[in-house]
Amino acid sequence: MYKLSYYTIFSDLLNSKGDSVLFCTRSSQAFVINNNIRERLERESFDELEPEVLNALIESCGIVKIEEDELNVIRTENQNFITDNNVKHLYTVIQPSANCQLGCYYCGQSHTKKNLSSADSSLIVDRIRKKISGSQDKYESIYVGWFGAEPLMGLPQMRELTTEFKSLAEEFGIKYSSKVVTNGLSLKPQIYRELAEELNVRSIEVTLDGTADYHDGHRYTKNGGSSFDLIYKNLLEIFSLPDYKEINCAISIRCNVDKRNWSDVSNLINKISNDNFQDKISHFYPIGIYSWAKNDAHDNALTKEEFAEKEIDWLIELIQAGFKVNLLPARQKQVCAAVDPGFEMYDAFGNIFNCTEVSYSSAYENTPYILGNLKKPEEVSQVKPLVDWNEESVITKFPCGTCKMLPVCGGSCPKSWHEDMRACPTSKFNIKQKLALAYINHKTNIRELI
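Figured I'd write up the structure that's included with this text. Quick caveat: nothing in here was measured; it's all calculated off a predicted structure.

### Quick look at the packing of helix α4 (residues 118-134) against helix α5 (residues 155-172)
Two measures define how a pair of helices packs: the angle their axes make with one another and the distance between the axes.
Then comes step 1: Two elements in contact, α4 and α5, have axes separated by 10 Å at closest approach and are oriented at 20°. Between α4 and α5, the angle is such that the two are roughly parallel. By crossing handedness, the relation of α4 to α5 is classed as right-handed. Residues Ser118, Ser121, Ile124, Val125, Ile128, Arg129, Ile132 and Ser133 of α4 touch α5, and the partners they reach there are Glu160, Leu161, Glu164, Phe165, Leu168, Glu171 and Phe172.

Structural data, given as structure tokens:
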């Protein structure tokens, strides 16, 4: 006996024939169905479906056994993925500097002229070595996220540590790679080339909060100066490198959006398109600002519903301009690094965390988010906040436990929920429009069951 999965979403009718899209969030698979199939699914008359239709929907978890506890299955799948991934890939985030050139109004960090010491760098290497050598299962890779403040202000430390990580990877016969999140001010073409070719950086995220006037109203230097022109010049020069596509280091652009700059997102899309480097960007994504380190940035945020409505317009513009666009959310088995019991982040002072949103902030001093310090390994706490996120008692405490989007959202930011901040992704509020866009856009990633 079967039932229609709770985790299915129907689009509105898409044409005069009565076609619609069925999205199975447990598998992130979408199907074009006609009105006859939809009607039979809605009244669960599965015996009236063609065998190939029935089998496709069972395989995609659109139809499941009637006794199946779907929430428990999703949580188990998520936890098994985290466990399996943790023993194969050692992911670590390092903040080589506590300094940053910018004074973005929505940033919750306090920046200081402090870089990671050589002594603490050695302790990081020793700690990672012990994790690798002490694991019962052989790791396949070491993956480092260079994060800030502004990580390129700690470039010497990045160089030093990368040499050590490469040696570790060679010693244990595994791979080493990394990524960088940067404001882009120091991302000169020669630095980009060094990051990619010598420091094993495979992806870089740069933030542009609109065109010059709007961006500079968000992301100004510590003395109030502008930053857009220099960042954009760096990107133009990198994208103009004759061997850019062969360098194998993808650049994505993030656009932090609030009430003050949302109207300029389209202008930024047009500017990038007019300069013809939309095909050089791996991903362009606007994202709403939120409270970081318990500051009041969210007071200037669009509501989730407002952002979701505007996002559809931006997606249409991106598609029309030839950007790479992911319309349908993928299955999310690990929502963030904080739910991985093996994950750690190290800041420039040697402090250890298991969440990337809490460093350099007085709001989290003397809280469980600070696990300890590299200099006192015997005192590092083994109790990590948020790793219990996939437990039923935790996830059902929040709206995530009854949300059809849970499989492709994972709950978004667990820390935000614990701080009484709604963390839902925009897809929760515009998934039907995204399904329609995917249908119109050459039926991207959609199978036909008609």
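Now, onward.
### Description of helix α8 (residues 228-239)
Each α-helix winds once per 3.6 residues, and so residues spaced three or four apart point in a common direction.
Then comes step 1: The end-to-end C-alpha separation of α8 is 16 Å, in line with the 16 Å expected for 12 residues at 1.5 Å each.
Then comes step 2: What α8 keeps buried is the set Phe228, Ile231, Tyr232, Asn234, Leu235, Ile238 and Phe239. Relative to the axis of α8, the buried residues are bounded by an arc of 155° and lie together on one face.
Then comes step 3: Buried residues in α8 make contact with α6 (189-197), β9 (201-207), α7 (212-218), β10 (250-257), α9 (265-274) and β11 (281-288).

### Description of the sheet that holds strand β2 (residues 8-10)
Sheet strands pair via backbone hydrogen bonds, and the direction of the pair is either parallel or antiparallel.
Then comes step 1: Spatially, 4 strands are ordered β2-β3-β4-β15 in an open sheet, and the strand pairing comes out mixed. What marks the edges here is a single partner per strand, and that holds for β2 and β15 (446-448). Strand after strand, the sheet turns through a mean of 25° between neighbouring axes, direction not considered.
Then comes step 2: Note that strand β4 (residues 29-33) and β15 share 3 bridges and pair parallel. Each residue of the ladder has a partner; that of alanine 30, found in β15, is isoleucine 446.

### A look at the nonpolar core
Then comes step 1: Phe165, Tyr192, Leu195 and Ile204 are the most contacted members of the largest nonpolar core, which has 94 residues in total.
Then comes step 2: For phenylalanine 165, the residues in contact, after removing those within four places along its chain, are Ile94, Ile124, Val125, Ile128, Ile142, Val144, Trp146 and Tyr176.

### Regarding the pairing of strand β7 (residues 141-146)
Strand residues, when the strand is regular, have side chains that alternate between the two faces of the sheet.
Then comes step 1: Summarising burial for β7: 5 of the 6 residues are buried, a large majority.
Then comes step 2: As judged from the 6 bridges shared by strand β6 (residues 89-94) and β7, these two strands associate in the parallel manner. Looking across to β7, one finds that histidine 89 is bridged to serine 141.
Then comes step 3: As paired elements, β7 and strand β8 (residues 175-182) share 6 bridges and run parallel to each other. Bridging from a neighbouring strand, isoleucine 142 pairs with tyrosine 176 of β8.

### Considerations on the pattern of salt bridges
Then comes step 1: Tallied over the full model, the rule gives 23 salt bridges.
Then comes step 2: Close ionic contact of glutamate 344 with arginine 127 constitutes a salt bridge, the shortest N to O distance being 2.8 Å. Of the two residues, glutamate 344 sits in strand β12 (residues 344-346) while arginine 127 sits in helix α4, which places them 217 residues apart along the sequence.
Then comes step 3: Under the relative-accessibility criterion, arginine 127 is labelled buried at 18%.
Then comes step 4: For lysine 245, the salt bridge is made with aspartate 279, and the minimal N-O distance between the two is 3.6 Å. Linking lysine 245 in the loop between α8 and β10 with aspartate 279 in the loop between α9 and β11, this pair joins segments that are 34 residues apart in sequence.

### Some words on the packing of α9 against helix α10 (residues 304-321)
Then comes step 1: Relative to each other, α9 and α10 sit at 10°, their axes nearing to 10 Å. By the criterion of interaxial angle, the relationship of α9 to α10 is roughly parallel. Contacts from Val265, Ser266, Ile269 and Ser273 of α9 reach α10 at Trp314, Glu317, Leu318 and Ala321.
Then comes step 2: A per-class count over the contact of α9 with α10 returns 5 nonpolar, 2 polar and 1 charged.

About the cut-offs
- Residues numbered from 1 in each chain as written.
- Predicted model: local features only at pLDDT ≥ 70, side-chain atom pairs only at ≥ 80, totals over all residues.
- Heavy atoms only, no water.
- Axes fitted to C-alpha atoms, helices over the stretch in contact; angles between N-to-C directions.
- Helix = DSSP H or I, 4+ residues; strand = E, 2+ residues; numbered from the N terminus.
- Parallel < 35°, antiparallel > 145°, perpendicular 65-115°, else oblique.
- Left-handed = near helix turned anticlockwise from the far one by under 90°.
- Contact = heavy atoms within 4.5 Å.
- Expected span 1.5 Å × (residues − 1).
- Buried < 20%, exposed > 50% of the residue type's maximum accessible area, 1.4 Å probe, protein only.
- Arc of directions from axis to C-beta.
- Pairing = 2+ DSSP bridges.
- Core = buried A, V, L, I, M, F, W, Y, C linked by side-chain atoms within 4.5 Å.
- Salt bridge = Lys/Arg side-chain N within 4 Å of Asp/Glu carboxyl O.
- Nonpolar A, V, L, I, M, F, W, Y, C, P; charged D, E, K, R; others polar.

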